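Listed here are the chains, written in short residue letters.
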Number of protein chains: 2
Amino acid sequence: MFKKLFHNPIECKSKHYVEGKIHPEIRVGVCRISLTNGEQIDLYDTTGLYGDANHTIDIERGLPPARSRWQEGEFRTQLSLARRGVITPEMEYAAIREGVEAEFVRAKIAKGEAILPCNRNHPEAEPMVIGRDFLVKINSNIGNSALGSSIEEEVEKALWSIKWGADTVMDLSTGANIHQTREAILRNTPVPIGTVPLYQALEKVDGVVENLSWEVYRETLIEQCRQGVDYFTIHAGLLREFVPMALKRVTGIVSRGGSIMAKWMEHHAAQNFLYTNFNEICEICADYDVALSLGDGLRPGSIADANDQAQYGELKILGELTLKAWEYDVQVIIEGPGHVPMHLIEDNMVKQREWCHGAPFYTLGPLVSDIGAGYDHITSAIGGAMIGWMGTAMLCYVTTKEHLALPNKDDVREGVVTFKLAAHAADIAKGNRSALARDLAMSRARYDFRWADQFNLSLDPERARRMHYEMVGNSDADYCGMCGPHFCAMRITKSIK
Amino acid sequence: MFKKLFHNPIECKSKHYVEGKIHPEIRVGVCRISLTNGEQIDLYDTTGLYGDANHTIDIERGLPPARSRWQEGEFRTQLSLARRGVITPEMEYAAIREGVEAEFVRAKIAKGEAILPCNRNHPEAEPMVIGRDFLVKINSNIGNSALGSSIEEEVEKALWSIKWGADTVMDLSTGANIHQTREAILRNTPVPIGTVPLYQALEKVDGVVENLSWEVYRETLIEQCRQGVDYFTIHAGLLREFVPMALKRVTGIVSRGGSIMAKWMEHHAAQNFLYTNFNEICEICADYDVALSLGDGLRPGSIADANDQAQYGELKILGELTLKAWEYDVQVIIEGPGHVPMHLIEDNMVKQREWCHGAPFYTLGPLVSDIGAGYDHITSAIGGAMIGWMGTAMLCYVTTKEHLALPNKDDVREGVVTFKLAAHAADIAKGNRSALARDLAMSRARYDFRWADQFNLSLDPERARRMHYEMVGNSDADYCGMCGPHFCAMRITKSIK
């Protein structure tokens, strides 16, 4: 049933493989588009073997390992190896995807300015790199809730996200069968998987926040490390002293993990156990090479709360924790807001970069207004494109149903494509060569009325093709349905001289 | 049949009227939302009498004049009056809508930094002001094409746009019955109407560009002035010497009017007749107080062409024409791009402001990438929000079908709401008090789980309401369908202490 999710959506698209130079055993899949004018364009591809028509998919068995052989003999994290000057197969793999030198990837990881999330127990994932000097990535969130959803549905949502271009997927399940759902997702996804371990820990104490403990959390962390989760959101920077600041806000605490930890601290009159046990968290994560995504439990949930004392207080602590994690050779990214008006976005990026020592930024939006209910994929794509341009490494998608409901399949598609567009716009503004080449190919196809090429070069070929055919019904037309044949500016321009 | 378009979409919403102080005969309609906590919020309202439940609509007869009495004895333009220190009823009307002093509106119009488009023959339109120091406005485009559409359909599209918040509407009809369609639109719309007179002029010569002439154009201009069109897009800045520059581009000329004038100039080996007859155009427009929207015939149609010699060459000429129009007391706005990557947007705004002497900027997008086919309302909302924040006064909406087909009703709604959101985000970033108040009210309603208030404060209450109810089915729920009852961060926050 899953195979058809990946039926080839793009005419003339095929999976092409590039071999490594340093590590010849590497075969990096790219999406090759053969244009009707004879040119070829290779695109970054997240679909793994699902995008390969020659591969037979077996969801019961899971994906074959994408990198198991390489790990033999490696007992350190990518960060430790990078610091020692080692270019791992994973680094070369990611470098080929990005079109950069492997040494460049190594150097960025060594400085902490990029991460390569790859739990040694998730060999199904294809190596990729997250950092401001690379293509801007996007994450999609899936996961069941108390209101239901089956394991199969969640795997399908993960693969559906990846089909439309999600670079990583976070499983935020809070309902039944959390372990089994995650297992099915990990064994069948070619991208890094993130989680918020606190959610499962809370389920283990039947949802009673007061009954949470470091022991339950630690056990959950190890369970998830063993399964192969590639990065953990950990709300270790939300200190007890920040809670009163947050309670004075217009919208208080809007991070689920943040609100849980705040409630636990107030009840026990104790400091955040994720902060006090951060060293051990790092030790555990180092064993499996799980990256830390330091959560912003105090991200603003409204324009009025943006860039306030609570948010920035926590961000400074995240910077301290970054240095500590690096001592353990653990890779780190920093989570960011939230609701932020346009004129305050840059300050977030500047402070994050400074206070967190160059660790990559991973933001939710930001949403540039509070009134976008029903259209918050757009409210957040505006802020996401801007902060991506300014240097954010990964954008967490927001769907049209944000603040209202869980997204369905159509909403996930719309959300992923919207954020691919925002990330791509950021890549364009940053001057990324492959991004510019794609736009140029698109515009040349447009000026030549090569419709099939335009569809194949767009982010959602099916949608573009449908809209064109509904109006014009002809892919050879030298005009579009918007202006019609007599008022086509490009057609008139071509008739000059 | 039109009445039902304006059935009240917002619970507890009512039309409220504010009287003028300087001109007591003025009654300015605002949309008043009564929140469930007893507060009231007044919102800028574009719906005119259609939004008033007490008004009986008669499309055959048209709207009653909104400002006919005030004009008696006035034979000059708003600009000439502003320069003489006169605060007209129209200025006070617009000032009340904006929540500013009438004198402030007068001063901005006098300096050319704002326009108040109000053809004396379109008294149905409610006065409004366009300028960087006011709320960012949005325009929606409608109009039939050779592929068809009836007069009734076009009126319906205009009213539908206005229902969702369009501040002005451009009728870009190029098909049959252009005059009659425009007449029906003018007599039934409470917002300023813009056109591109060149389209009708071209229809008068059976679509043969070479047969266009100043005489046919002039006759069309006067016809449309008499009917009541409030602003004209005129491509007078596209000089003959710029055409070779444009032909070297990746996407040539993508403005319909621009391509028509370029073709005419090349055929006749003559200068643009809109440029050579610009003085007479100004004389005609001054007689009716029609504002000029100086068209950017050379706007870039691709990232590769952004901010090039052709585009900027034309922009400088638009600045010269601005000064000339001002000599005739004619109000001016300047049209802007187009496809522009994020990092080049600011330069457009800076140069426009400098070269065009502070005249308001009116942009299409800009679109921050070329590959967004099917999602170009979003590609352009990103650029639109940014350039709006930087000072653009009005954004022309772009629909999801841009580059592909004509929008249907759903596309128009999505496009208008998307651009209201972009404009609002710009207002927020500029610190507009009424915009900030709306976001604050929304966020307080969100934190209090006042769902009905959240819907009423959003830009598309119907859509937000539907999404919430599909998942939760209960407007009293103290959680949303996204996180469910157990993982609601705001609910957990409220339980602290």
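Chain A appears in an unreviewed UniProt entry as Phosphomethylpyrimidine synthase from Mucinivorans hirudinis. Recorded in UniProt for chain A, the comment headed Sequence similarities (unreviewed entry) runs: "Belongs to the ThiC family." Heading Function (unreviewed entry) of the UniProt record for chain A holds this comment: "Catalyzes the synthesis of the hydroxymethylpyrimidine phosphate (HMP-P) moiety of thiamine from aminoimidazole ribotide (AIR) in a radical S-adenosyl-L-methionine (SAM)-dependent reaction."

Turning to the sheet that holds strand β2 (residues 27–34) of chain A, a few remarks are in order. Residues and elements named next belong to chain A. If you walk across this open sheet you meet the three strands as β1-β2-β3, and the pairing is antiparallel. Both outer strands of the open sheet, β1 (13–19) and β3 (40–43), are each paired with one neighbouring strand and no more. In this sheet, neighbouring strand axes are inclined to one another by 40° on average, regardless of whether the strands run parallel or antiparallel. The pairing of β1 with β2 spans seven bridges and is classified as antiparallel. Each residue of the ladder has a partner; that of E19, found in β2, is R27. In this fold helix α2 (residues 89–98) packs onto β1 and β2, with an angle of close to 10° to the strand it touches most, β2.

Now for the UniProt feature "binding site: Zn(2+)" (unreviewed entry) in chain A. All names here are of chain A. Mapped onto this numbering, the UniProt entry annotates "binding site: Zn(2+)" (unreviewed entry) at H339 and H403. For this annotated set, covering 65 residues, all C-alpha atoms fall within 12.0 Å of each other, a compact arrangement in space. Assignment of secondary structure puts H339 in the loop between β11 (332–336) and α13 (342–355). A relative accessible area of 5% means that H339 is categorised as buried. Within the local environment of H339, its side chain forms a polar contact with the backbone oxygen of G301, the two atoms lying 3.4 Å apart. The topology assignment puts H403 in the loop between β13 (394–396) and α15 (409–429). Classification of H403 as buried rests on a relative accessible area of 14%.

Each of the two chain copies can be generated from the other by rotation about an axis followed by a shift along it. Superposing chain A onto chain B takes a rotation of 180° combined with a translation of 0.0 Å along the rotation axis, leaving an RMSD of 0.0 Å. Taken together, the turn and the small shift mark the pair as related by a two-fold rotation axis. Among all residues of chain A, the minimum C-alpha distance to the rotation axis is found for I382 of chain A, at 2.3 Å. Most of the interface of chain A is mirrored in chain B, where 100% of its interface residues are also at the interface.

Interface size is often expressed as the accessible area that is lost when the parts come together. Contacts between the two partners involve 95 residues from chain A and, on the opposite side, 95 residues from chain B. Considering only the surface of chain A that becomes buried against chain B, I371, Y375 and F487 of chain A emerge as the three largest contributors, covering 11% of it. For the pair chain A and chain B, the number of links is zero salt bridges. Linking chain A to chain B there are 24 residue pairs in polar contact (both at pLDDT 80 or more). No other element matches the eleven residues that α15 of chain A contributes to the side of chain A that touches chain B.

Every other side chain in a regular strand lies on the same face of the sheet, so the side chains alternate between the two faces. Residues and elements named next belong to chain A. Both faces of strand β12 (residues 361–364) are covered, namely the face carrying F361 and T363 and the face carrying Y362 and L364. Two strands pair when backbone bridges link them, and β11 and β12 are joined in this way by three bridges, in the parallel orientation. Paired with E335 across the two strands is Y362, which belongs to β12. With α13 bridging β11 and the parallel β12, this β-α-β connection has right-handed handedness. Where β12 and β13 come together, three bridges link them in parallel fashion. Paired with L364 across the bridge in β13 is C396. Once the chain exits β12 it traverses helix α14 (residues 376–390) before rejoining the sheet at β13, and the crossover so formed is right-handed.

Before going further, it helps to spend a moment on the layout of surface pockets. Residues and elements named next belong to chain A. Its boundaries defined by the atoms lining it, the second largest pocket holds a volume of some 890 Å³. In terms of lining residues, the second largest pocket is bounded by 41 residues, among which L43, Y44, D45, L135 and R438 are the most central. Elements with a contribution of two residues or more to the lining of the second largest pocket: β1, β2, β3, α2, β6 (137–142), α4 (151–163), α15 and α16 (433–447). Sorting elements by how many residues they give to the lining of the second largest pocket places α16 first, with five residues. Tallied by class, residues from the lining of the second largest pocket come to 21 nonpolar, eight polar and twelve charged.

Residue and element names in this part refer to chain A. The geometry of α4 relative to helix α5 (residues 178–188) is characterised by a closest axis approach of 9 Å and an angle of 35° between their N-to-C directions. Seen from above, α4 lies across α5 with right-handed handedness. Taken together, the residues of α5 that come into contact with α4 (itself represented by I151, E154, V155, A158 and L159) are Q180, T181, A184, I185 and N188. Tallied by class, the residues present in the contact of α4 with α5 amount to six nonpolar, three polar and one charged.

Let us now look at α2 of chain A. Residues and elements named next belong to chain A. The buried fraction of α2 amounts to nine of the ten residues, a majority that puts the element mostly inside the structure. Within the sequence span of α2, burial applies to P89, E90, M91, E92, Y93, A94, A95, R97 and E98. Lining the buried residues of α2 we find β2, α1 (78–83), α3 (102–110) and β6. Just beyond α2, the residue with positive phi is G99, at close to 75°.

Turning our attention to the side chain of T363 of chain B. Along the chain, T363 of chain B falls in strand β12 (residues 361–364). Sequence-distant contacts of T363 of chain B, that is, excluding residues within four places in its chain, are made with G336, P337, I387, T392, M394, L395 and C396 of chain B.

This part covers the pairing of strand β10 (residues 291–294) of chain A. Residue and element names in this part refer to chain A. Neither face of β10 is open: one carries A291 and S293, the other L292 and L294, and all of them are buried. Taken together, the four bridges between strand β9 (residues 231–234) and β10 define a ladder with parallel strand orientation. Considered in β10, the bridge of Y231 is made with A291. Taken together, the three bridges between β10 and β11 define a ladder with parallel strand orientation. Bridge pairing in β11 links L294 to I334. The parallel pair β10 and β11, bridged by helix α12 (residues 309–327), forms a crossover whose chirality is right-handed.

This part covers the environment of P89 of chain A. All names here are of chain A. Take P89: it is sitting in helix α2. Here P89 falls in the buried class, since its relative accessible area comes to 6%. In this structure, the C-alpha to C-alpha distance between P89 and A102, residues 13 residues apart in sequence, is 9.1 Å.

Pairing between side chains of opposite charge can happen when their charged atoms approach one another. Residues and elements named next belong to chain A. For the structure on display, the rule yields 64 salt bridges over all chains. Of the charged contacts in the structure, one is a salt bridge between R413 and D460, with a shortest N-O distance of 2.8 Å. You can see R413 sitting in helix α15 and its partner D460 sitting in the loop between α17 (451–457) and α18 (461–471), a full 47 residues away along the chain. Accessibility classification places R413 together with D460 in one group, the buried group.

What follows deals with the packing of helix α7 (residues 214–227) of chain B against helix α11 (residues 278–288) of chain B. Residues and elements named next belong to chain B. Two elements in contact, α7 and α11, have axes whose closest approach is 10 Å; the angle formed by their N-to-C orientations is 15°. Put simply, α7 runs roughly parallel to α11. Viewed along their axes, α7 and α11 form a crossing whose handedness is right-handed. Contacts between α7 and α11 pair W214, Y217, R218, L221, I222, C225 and R226 from the former with E280, I281, I284 and Y288 from the latter.

On to the environment of I284 of chain B, then. Residue and element names in this part refer to chain B. The topology assignment puts I284 in helix α11. The class of I284 is buried, set by a relative accessible area of 6%. Sequence separation between I284 and Y328 is 44 residues, and the spatial gap between their C-alpha atoms is 9.7 Å. With sequence-adjacent residues up to four places away left out, I284 is seen in contact with R218, L221, I222 and C225.

The next thing to look at is a negative patch on the surface. Taken together, the side chains of D58, E60, E152 and E153 of chain A define an acidic patch exposed on the protein surface. Mapping E60 of chain A onto the fold places it in the loop between β3 and α1.

Attention shifts here to the sheet that holds strand β8 (residues 193–195) of chain B. Strand order in this closed barrel of eight strands is β6-β7-β8-β9-β10-β11-β12-β13 (chain B), and the pairing throughout is parallel. Each strand axis lies, on average, 25° off the axis of its neighbour in the sheet, ignoring direction.

Rules of the game
Residues take numbers from 1 onward in each chain, read along the sequence in its written order. Written order decides the labels, with chains lettered from A and ligands numbered from 1. Reporting of local features is limited, given that this is a predicted model, to residues whose pLDDT is at least 70; pairs of side-chain atoms are given and counted only at 80 or more, and all residues count toward the totals for whole chains, interfaces and linings. Excluding hydrogens and water, the side-chain figures rest on all heavy atoms present in the structure. UniProt positions are given in the numbering used here, feature names are shortened, and annotations may be inferred rather than shown by experiment. Strands pair, by our definition, only if DSSP identifies at least two bridges between them. Secondary structure elements follow DSSP: runs of H or I no shorter than four residues count as helices, runs of E no shorter than two count as strands, and numbering proceeds from the N terminus. As a rule, the C-alpha atoms of each element are fitted with a line to give its axis, helices using only the stretch in contact, and angles between N-to-C directions run from 0 to 180 degrees. The criterion used for residue contact is that any of the two residues' heavy atoms lie within 4.5 Å. Buried residues are those whose accessible area, probed at 1.4 Å on protein chains only, stays under 20% of the maximum for their type, while exposed residues exceed 50% and partly exposed ones sit between those limits. Polar contact is the term for a pair of N or O atoms within 3.5 Å; when the atoms are in protein, one must be able to donate a hydrogen and the other to accept it, and sequence-neighboring residues count only if both atoms are side-chain atoms. All copies are superposed by least squares; the fitting set is the C-alpha atoms of residues with a pLDDT of at least 70 in both. Defined in terms of a 1.4 Å probe, buried area is the accessible area two parts forfeit on being brought together, summed over both. Salt bridges are identified by distance alone: a Lys or Arg side-chain nitrogen within 4 Å of an Asp or Glu carboxyl oxygen. Seen with its strands pointing away from the viewer, a crossover is right-handed when the path leading from the first strand over the helix to the second is clockwise. Both site types are read off a 1 Å grid over the protein atoms alone. A 1.4 Å probe that fits but cannot get out defines a cavity, while an open set with protein on both sides within 12 Å along at least five of seven lines defines a pocket; lining residues have an atom within 4 Å of a point. Grid points are joined across faces, edges and corners, and a volume is the space filled by probe spheres set on the points. Three categories are distinguished: nonpolar for Ala, Val, Leu, Ile, Met, Phe, Trp, Tyr, Cys and Pro, charged for Asp, Glu, Lys and Arg, and polar for the others, with Gly belonging to the last. Helix crossings are classified by the rotation of the near helix relative to the far one: an anticlockwise turn of less than a right angle makes the crossing left-handed, while a clockwise turn makes it right-handed. Comment on the angle field: the value is read as roughly parallel under 35 degrees, roughly antiparallel over 145, roughly perpendicular from 65 to 115, and oblique elsewhere. Within the patch definition used here, like charges are joined within 9 Å and nonpolar side chains (Val, Leu, Ile, Met, Phe, Trp, Tyr) within 5 Å, considering only residues with over 30% relative accessible area and no salt bridge. We get accessible surface area from the Shrake-Rupley algorithm with a probe of 1.4 Å; when it comes to residues, only the shown protein chains can shield them. Lys and Arg are tallied as positive, Asp and Glu as negative. Neither His nor the chain termini are counted. A single reference atom marks each charge: NZ on Lys, CZ on Arg, CG on Asp, CD on Glu.

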